[in-house]
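Reading the structure
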Amino acid sequence: MNRRYFLEVGGMMWASSLFLNSIKMVDLIKKSKKGIGLQLYTVRNEMDKDVKGTLRKIADIGYTFVENAGYSNGKFYGMTKEDFKSILEDLNLKMISGHIGLGQESGEKGLINQFEEVCKDARYVGQKYLGTGGLAADKRKTIDDYKKFAHLLNKGGEMAKQHGLKIFHHNHDFEFVKINGIVPYEILLNETDKNLVTFELDHYWTKKAGIDSIKLMKDHPGRFSLWHIKDMDNTERQSFTEVGTGIIDYSKIFQEKSISKMEYFFVEQDSCVNYPPLKSIGISFNNLKKLQL
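Owing to the predicted nature of the structure, the values given are computational and were not obtained by experimental measurement. (Residues numbered from 1 in each chain as written. Predicted model: local features only at pLDDT ≥ 70, side-chain atom pairs only at ≥ 80, totals over all residues. Heavy atoms only, no water.)

1. Comments concerning helix α6 (residues 143-162)
End to end, α6 covers 29 Å across 20 residues, agreeing with the expected 28 Å (1.5 Å per residue, within 8%). Turning to α6, its buried residues are I143, Y146, F149, A150, L152, L153, N154, G156, G157 and A160. For α6, the elements touching its buried residues are α5 (115-124), β7 (129-132), β8 (166-170), α7 (184-190) and β9 (197-202). Positioned one or two residues after α6, G164 has a phi angle of 75°, which is positive. (Helix = DSSP H or I, 4+ residues; strand = E, 2+ residues; numbered from the N terminus. Expected span 1.5 Å × (residues − 1). Buried < 20%, exposed > 50% of the residue type's maximum accessible area, 1.4 Å probe, protein only. Contact = heavy atoms within 4.5 Å.)

As structure tokens, this is what we get:
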């Protein structure tokens, strides 16, 4: 054996080691990706008919986590939290987040009514986030209404934190309509404690309101832990459509996920016109995968 042999063998071993390390790095990157989530409101009718069967189809498409829109008085889609959690575990799905109502007038458990029980139920099924879609139409009359709502979110955030949860607000377009020259959404952003309250940014509704999502994220860095991913068709009606088939440029939006501090995102389509909901979410899933997020 000569020096040249050792150099050649050493070089091959070094290259092999580098190659193996690169494979490990790719594996780590793959494992670190949280995957793609689905807001279950999209398949609400299917969930009403067959909870387990619908969740199985969602998992088969490739979704790895979900956000619920079917919590009512301690039950998830009419099921006990124990039974619902068991189904999620069997399908290897995670319930990361969930929407609730205020519970002020309906008597149901919500942000105002028996909120600690709501938090306990959310944590039991594995949620990290718990939030609301905002004020009802008859409660959005004044800026003072939004100030009170911001205070309510802070108060709820304190309780949620005690149970290992983070509370959030999910926007629509109406929060960007000025009241006496003031944008209500700015009140919510500025008067909530960033350590207690985060936001779920719905990019369809910002587009509908004429708001640039990227500018909004840059103006309020770190406030948007969750995103709703839905698309808008190129028509005068600006209807919902499958992600990747509309006019919202998600390739640019996802480039700003670090400034947003986005942790999870959920596909949602409030109404499905072109295809049945389960086919629609499959199209959205495949188009998002092509973005190589």
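2. Side note on the nonpolar core
Core analysis: the largest hydrophobic core is formed by 72 residues, its most contacted members being L55, F84, Y185 and W227. Tallying contributions element by element places α6 first for this core, with seven residues. Ignoring any residue separated from it by four or fewer positions in sequence, one finds F84 in contact with M47, V51, L55, F76, Y77, M79 and M95. Grouped together as the second largest cluster of nonpolar side chains are seven residues, I96, Y129, Y264 and F266 included. (Core = buried A, V, L, I, M, F, W, Y, C linked by side-chain atoms within 4.5 Å.)

3. Side note on the pattern of salt bridges
This structure, assessed with the given rule, holds eight salt bridges. Between E191 and K147 there is a salt bridge, and its shortest N-O distance comes to 2.6 Å. Linking E191 in the loop between α7 and β9 with K147 in helix α6, this pair joins segments that are 44 residues apart in sequence. Judged by relative accessible area, which is 33%, E191 ranks as partly exposed. Under the relative-accessibility criterion, K147 is labelled partly exposed at 33%. A salt bridge links K230 to E268, with the nearest nitrogen and oxygen atoms 2.9 Å apart. In this pair, K230 sits in the loop between β10 (226-229) and β11 (231-232) while E268 sits in the loop between β13 (264-267) and α12 (277-290), placing the two residues 38 residues apart along the sequence. Classification of K230 as buried rests on a relative accessible area of 1%. (Salt bridge = Lys/Arg side-chain N within 4 Å of Asp/Glu carboxyl O.)

4. Focus: helix α3 (residues 51-61)
Buried residues of α3: V51, G53, T54, L55 and I58, and no others. For α3, the elements touching its buried residues are β1 (37-39), α2 (44-49), β2 (65-68), β5 (79-80), α4 (81-90) and α12. Where α3 starts, the residue carrying a side-chain oxygen 2.9 Å from the main-chain nitrogen of G53 turns out to be D50. G62 lies just past α3 and shows a positive phi near 130°. (Polar contact = N/O pair within 3.5 Å; in protein donor to acceptor, adjacent residues only side chain to side chain.)

5. Regarding the packing of α3 against α4
Packed helices, taken two at a time, are described by the angle between their axes plus the distance between the axes. It is at 10 Å that the axes of α3 and α4 come closest, and there the two elements cross at 30°. As far as their axial angle goes, α4 and α3 are roughly parallel. Relative to α4, α3 is oriented so that their crossing is right-handed. Facing α3, whose interface residues are V51, K52 and L55, α4 presents F84, I87, L88 and D90. (Axes fitted to C-alpha atoms, helices over the stretch in contact; angles between N-to-C directions. Parallel < 35°, antiparallel > 145°, perpendicular 65-115°, else oblique. Left-handed = near helix turned anticlockwise from the far one by under 90°.)

Functional significance is not addressed by these values, which are geometric in nature.
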